[in-house]
Amino acid sequence: MTVRFLVLGAAAGGGLPQWNCGCPNCAAARQGIFASQTQSSLAVSVDGRAWLVVDASPDIRQQLRDQVVLWPSNLRESPVKSVMLTSGDVDHVAGLLTLREKQPFQLLATRALLETLGQNPIFQVLDPLHVQQNPVELETPFFPLEGLEARLFAVPGKVPLYLEQGEPELGAETEQTVGVEFRIGRQRVYYIPGCGAVSAALADRIAGADLLFFDGTVFTDDEMIRMGTGQKTGRRMGHVPISGPGGSLEAFSRLPIGRCIYIHINNTNPVWRAGAERAQLERHGFVVGHDGMEVTLATGSR
């Protein structure tokens, strides 16, 4: 069995270029110096016919159009059989509104995330006669597709911005922000697009992974403040920076990981372009993800 992991979107909220931003990266993307990127989402399949989509990006219509393997095979037969959510952030749930066209699929998320959706009546456009909402317990094996074992687990994070009331608790490990662990035989794959810190427990879990897709929102914690594009640090937004003390690069450089791919990368992040920051990642064997990137793992290939 070969499992396919297809990056539908590699950018953070707003994509690249972001509609209202003229930073160097956005300007370069508009000029075609490097490719534009959509908001983060991953597709997974064990047979190339049935697919799981992890996180429903606001760009999901474009993402499904751009990938031939996700085109309908006949009048109303989509290959997308399951959709899984890792948080209630807008860039992870807004695409559900695009998937309202009476198409059967199962929606998988923690009970807390499904309750968050339930509190907003706009998500009632997902007809329960067609969309089956299945709550998933943390640390409990389940099968989003036949033959694909997965687990959800809490990672340091915070509630979505629209649920913040005053200063939110940062680094809380709850059902609001989760990572996904896939098991393919003896191999382990992790998808963690949002994470506020690399805790000791998280590092222990990831150690020995064959493949890791991880939150690369900002390179430095104060990146958006220095560039004048925002007033919050990466950690305040719920995203651990790549560089610096306590950053993901420092933490993962110590761990045995087969392959590490950064995703959910903000439009301001200098790793989008050639330079010292990208070279630093590549020296450690880490990769900048991009729309359309595909990685395959075969059972027993370890």
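Basis of the calculations
Residues numbered from 1 in each chain as written. Predicted model: local features only at pLDDT ≥ 70, side-chain atom pairs only at ≥ 80, totals over all residues. Heavy atoms only, no water. 1 Å grid on protein atoms, 1.4 Å probe; cavity = no way out; pocket = protein on both sides within 12 Å on 5 of 7 lines; lining within 4 Å. Points joined across faces, edges and corners; volume = space filled by probe spheres on them. Helix = DSSP H or I, 4+ residues; strand = E, 2+ residues; numbered from the N terminus. Nonpolar A, V, L, I, M, F, W, Y, C, P; charged D, E, K, R; others polar. Pairing = 2+ DSSP bridges. Axes fitted to C-alpha atoms, helices over the stretch in contact; angles between N-to-C directions. Contact = heavy atoms within 4.5 Å. Salt bridge = Lys/Arg side-chain N within 4 Å of Asp/Glu carboxyl O. Buried < 20%, exposed > 50% of the residue type's maximum accessible area, 1.4 Å probe, protein only. Polar contact = N/O pair within 3.5 Å; in protein donor to acceptor, adjacent residues only side chain to side chain. Patch = residues over 30% accessible without salt bridge, like charges linked within 9 Å, V, L, I, M, F, W, Y side chains within 5 Å. Areas by Shrake-Rupley, 256 points an atom, 1.4 Å probe, with all protein chains shown as cover.

Chemist: Explanation requested: the layout of surface pockets in the structure shown.
Modeler: One simple way to see leftover space: roll a probe sized like a water molecule over the atoms. Here the largest pocket defines a volume of roughly 740 Å³. Contributing to the lining of the largest pocket are 35 residues, with Gly13, Asp91, Leu161, Met237 and His239 lying nearest its centre. Per-element accounting of the lining of the largest pocket gives the leading share, three residues, to helix α3 (residues 90-93). Class assignment of the residues belonging to the lining of the largest pocket gives a composition of 11 nonpolar, 18 polar and six charged. One number sums up the size of the second largest pocket: a volume of about 460 Å³.

Chemist: Is there a simple way to think about the sheet that holds strand β9 (residues 178-184) in this case?
Modeler: Remark on secondary structure: sheet strands pair via backbone hydrogen bonds, oriented parallel or antiparallel. Spatial ordering of the open sheet is given by β7-β8-β9-β10-β11-β12-β13, a layout of seven strands whose pairing is mixed. Looking at the sheet topology across the chains shown, the edges are occupied by β7 (142-145) and β13 (286-288). Averaged over neighbouring strand pairs, the angle between their axes works out to 30 degrees when direction is ignored. Of the strand pairs in this sheet, β9 and strand β10 (residues 187-192) are connected by five bridges, and their pairing is antiparallel. Its bridge partner being in β10, valine 180 is matched across the sheet by tyrosine 191.

Chemist: Just checking my understanding: could you explain the sheet that holds strand β3 (residues 51-54) for this structure?
Modeler: If you walk across this open sheet you meet the seven strands as β6-β5-β4-β3-β2-β1-β14, and the pairing is mixed. The open sheet is flanked by β6 (131-135) and β14 (294-298), the only strands paired with a single partner. Averaged over all pairs of adjacent strands, the angle between strand axes in this sheet comes to 20 degrees, irrespective of strand direction. One ladder, built from five bridges, connects strand β5 (residues 105-109) with β6; its direction is parallel. Residue pairing in the sheet places glutamine 106 in a bridge with glutamine 132 of β6. Its contacts with the sheet put helix α4 (residues 111-118) on β5 and β6, and the angle it makes with β5 is roughly 115 degrees.

Chemist: So what exactly am I meant to see when it comes to the pattern of salt bridges here?
Modeler: Working definition: two side chains of opposite charge can pair if their charged atoms are close together. With the rule as written, the count across this model stands at 19 salt bridges. Here arginine 205 and glutamate 139 are joined by a salt bridge, their closest N and O atoms 2.4 Å apart. With arginine 205 in helix α5 (residues 200-206) and glutamate 139 in the loop between β6 and β7, this residue pair connects regions lying 66 residues apart in the sequence. Arginine 205 gets classed as partly exposed once you look at its relative accessible area, which sits at 22%. Its relative accessible area of 43% is what places glutamate 139 among the partly exposed residues. One salt bridge in this structure joins arginine 254 and glutamate 250, with 3.8 Å as the shortest N-O distance. With a relative accessible area of 62%, arginine 254 lands in the exposed category.

Chemist: I would appreciate a short explanation of the environment of aspartate 47 in the present structure.
Modeler: Within the fold, aspartate 47 resides in the loop between β2 (41-45) and β3. When its relative accessible area of 36% is taken as the criterion, aspartate 47 is described as partly exposed. Between the C-alpha atom of aspartate 47 and that of threonine 296, which follows or precedes it by 249 residues, the distance is 11 Å. Among the polar contacts made by the side chain of aspartate 47, one reaches the main-chain amide nitrogen of arginine 49 at a distance of 2.8 Å.

Chemist: I'm lost on a nonpolar patch on the surface in this one. Help?
Modeler: Residues Val90, Tyr162 and Leu163 make up a contiguous nonpolar surface patch of roughly 260 Å² in combined accessible area. Structurally, the position occupied by valine 90 is in helix α3.

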